[in-house]
Amino acid sequence: AQSVTQLDSHVSVSEGTPVLLRCNYSSSYSPSLFWYVQHPNKGLQLLLKYTSAATLVKGINGFEAEFKKSETSFHLTKPSAHMSDAAEYFCVVSAAGGYQKVTFGTGTKLQVIP
Amino acid sequence: GAVVSQHPSWVICKSGTSVKIECRSLDFQATTMFWYRQFPKQSLMLMATSNEGSKATYEQGVEKDKFLINHASLTLSTLTVTSAHPEDSSFYICSARDRREVGSYNEQFFGPGTRLTVL
């Protein structure tokens, strides 16, 4: 069984300030973890993924996330928010190996204030 | 690489009609594709897993006779919403898994989505 919890449904930051989107997961097996971004009425774009290599994962557009097994967390961060970062962000977990389904978090809406 | 397309991107239909949505993997082969449904301001909910050459596996609560899935080739899966009603109006998103990466990281590549509005 697996699950993912996004702790904040809505995050608001000022342009140029750091971004932190929180995600905790639960998995019976070694997980693969992903962060996706979705702009309004658009599909999902992969930001980054953790696949049991380095625990600090760097993604596109300056985002990164750190896998912390002891805390079962995979928080998404960015040093400086840009207006174009305003979107919905989904944390996703999948058990590694086999034809495993993925489980989506409920999403965090990021608002960037000019 | 790893591009998934959906067609149409949006469709409006009358209640009682059927609508077919196509999902294609453009530059890779996918033995497994997934269909999701997303209501406004909500997360994606998995509807079914589509396996090439075999029957789809539906999630609990999803009517298989209403949402017909066909995965006839390694690059195409279709979702047909039969006898559509206004409550079927939603954003439908497909994803595909590269057959070469099965068993590794289970990354899914997502299509851009199809907005269905049933009048």
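Just so we're clear, the structure is a prediction, and the values are computed from it rather than from any experiment. (Residues numbered from 1 in each chain as written. Chains lettered and ligands numbered in written order. Predicted model: local features only at pLDDT ≥ 70, side-chain atom pairs only at ≥ 80, totals over all residues. Heavy atoms only, no water.)

**Side note on a nonpolar patch on the surface**
Residue and element names in this part refer to chain B. Where we set the bar: Every patch collects residues that have over 30% relative accessible area and no salt bridge, joining them within 9 Å if they carry like charges and within 5 Å if they are nonpolar side chains (Val, Leu, Ile, Met, Phe, Trp, Tyr). To be clear on the numbers: accessible area is Shrake-Rupley with a 1.4 Å probe, and residue cover counts the displayed protein chains and nothing else. Salt bridge, as used here, is a side-chain nitrogen of Lys or Arg placed within 4 Å of a carboxyl oxygen of Asp or Glu. The helix and strand labels rest on DSSP assignments: H or I over at least four residues marks a helix, E over at least two residues marks a strand, and numbering proceeds from the N terminus. Buried residues are those whose accessible area, probed at 1.4 Å on protein chains only, stays under 20% of the maximum for their type, while exposed residues exceed 50% and partly exposed ones sit between those limits.
On the surface, Trp-10, Ile-12 and Leu-119 cluster together into a nonpolar patch covering about 380 Å² of accessible area. Summarising the element assignment, Trp-10 is placed in strand E2 (residues 10-13). Relative accessible area serves as the criterion here: at 57%, Trp-10 is assigned to the exposed category.

**With respect to the state of the cysteines**
As a reminder, the rule being used: Any cysteine sulfur atom paired with another within 2.5 Å is treated as part of a disulfide.
Across all of its chains, the model carries two disulfides over all chains by this definition. Each disulfide pairs two cysteine sulfurs, and for Cys-23 of chain A the partner residue is Cys-91 of chain A, the sulfurs being separated by 2.0 Å. Taking the sign of the torsion about the S-S bond as the criterion, the disulfide between Cys-23 of chain A and Cys-91 of chain A, at about -65°, is left-handed. With a gap of 68 residues between them, Cys-23 of chain A in strand E4 (residues 23-27) and Cys-91 of chain A in strand E10 (residues 87-95) connect regions that are remote in the sequence. Residue Cys-23 of chain A is classed as buried on the basis of its relative accessible area of 0%. A sulfur-sulfur distance of 2.0 Å marks the disulfide that ties Cys-23 of chain B to Cys-94 of chain B. Taking the torsion about the sulfur-sulfur bond, which here is approximately 80°, the covalent link between Cys-23 of chain B and Cys-94 of chain B counts as right-handed.

**Side note on the confidence of the model for chain A**
The test is simple: The predictor attaches a confidence to each residue, and that confidence, scored 0 to 100, is pLDDT.
Summing up the model confidence of chain A, the mean pLDDT is 90 and the portion of residues at 70 or higher is 96%. The lowest-confidence element of chain A is strand E11 (residues 102-104) of chain A, averaging 86 in pLDDT; the highest-confidence one is strand E3 (residues 19-21) of chain A, averaging 98.

**Some thoughts on the pairing of strand E1 (residues 4-7) of chain B**
All names here are of chain B. To keep it simple, the criterion reads: Two strands pair under a simple rule: DSSP has to find at least two bridges between them.
Only one face of E1 is covered, namely the face carrying Val-4 and Gln-6; the face carrying Ser-5 and His-7 is uncovered. Pairing between E1 and strand E3 (residues 19-25): four bridges, direction antiparallel. Looking across to E3, one finds that Ser-5 is bridged to Arg-24.

**Side note on the pairing of E3 of chain B**
Residue and element names in this part refer to chain B. Of the two faces of E3, the one lined by Val-19, Ile-21, Cys-23 and Ser-25 is fully buried and the one lined by Lys-20, Glu-22 and Arg-24 carries no buried residue. As paired strands, E3 and strand E8 (residues 76-81) are joined by six bridges and run antiparallel to one another. The partner of Val-19 across the bridge, within E8, is Val-81.

**Some details on the sheet that holds E1 of chain B**
Strand pairing in a sheet relies on backbone hydrogen bonds. The paired strands run either parallel or antiparallel. All names here are of chain B. Our working rule: Working convention: axes come from line fits to C-alpha atoms, limited for helices to the stretch in contact. Angles between N-to-C directions cover 0 to 180 degrees.
Judged by pairing direction, the sheet is antiparallel, and its four strands sit side by side in the order E1-E3-E8-E7 without closing on themselves. Each of the sheet's edge strands pairs with one partner strand only, and the pair in question is E1 and strand E7 (67-73). If you compare each strand with its neighbour and ignore which way they point, the axes differ by 15° on average.

**As for the nonpolar core**
Note the cut-off: Definition of nonpolar core: a set of buried residues of the types Ala, Val, Leu, Ile, Met, Phe, Trp, Tyr and Cys, connected through side-chain atoms within 4.5 Å. Here, residues are in contact when the closest pair of their heavy atoms is within 4.5 Å.
By size, the foremost hydrophobic cluster in this structure holds 26 residues, and its most contacted members are Trp-35, Leu-48, Phe-74, Leu-76 and Tyr-89 of chain A. For this core, the element with the highest residue contribution is E10 of chain A, accounting for four residues. If we skip the residues at most four places from it in the chain, Leu-76 of chain A touches Val-19, Leu-20, Leu-21, Trp-35, Leu-47, Leu-48, Phe-63, Glu-64, Ala-65 and Tyr-89 of chain A. With 25 residues, the next largest nonpolar core counts Val-4, Cys-13, Tyr-58 and Val-118 of chain B among its residues.

**Describing the environment of Ser-90 of chain B**
Residues and elements named next belong to chain B. As a reminder, the rule being used: Throughout this description, a polar contact denotes any pair of N or O atoms lying within 3.5 Å of each other; where both atoms belong to protein, one of them has to be capable of donating a hydrogen while the other can accept it, and for residues adjacent in sequence the pair is counted only when both atoms sit in side chains.
Mapped onto the elements of the fold, Ser-90 is located in strand E9 (residues 90-97). Ser-90 gets classed as buried once you look at its relative accessible area, which sits at 3%. When the C-alpha atoms of Ser-90 and Ile-12 are compared, they prove to be 11 Å apart, with 78 residues separating the residues in sequence. Within the structure, the side chain of Ser-90 is placed 3.0 Å from the backbone oxygen of Gln-38, a separation counted as a polar contact.

**Quick look at the packing of aromatic side chains**
Here is the rule we go by: Under the pairing criterion, centres of Phe, Tyr and Trp rings, with the six-membered ring standing for Trp, must be within 6.5 Å; the plane angle then separates stacked pairs below 30 degrees from edge-to-face pairs above 60, leaving the rest tilted.
The tally for this structure, following the rule as stated, stands at 13 aromatic pairs over all chains. Aromatic pair Phe-104 of chain A and Tyr-36 of chain B: ring centres 5.4 Å apart, planes at 75°, arrangement edge-to-face. Of the two residues, Phe-104 of chain A is situated in strand E11 and Tyr-36 of chain B in strand E4 (residues 32-38); the pairing between them involves two chains. With relative accessibility at 1%, the residue Tyr-36 of chain B sits in the buried group.

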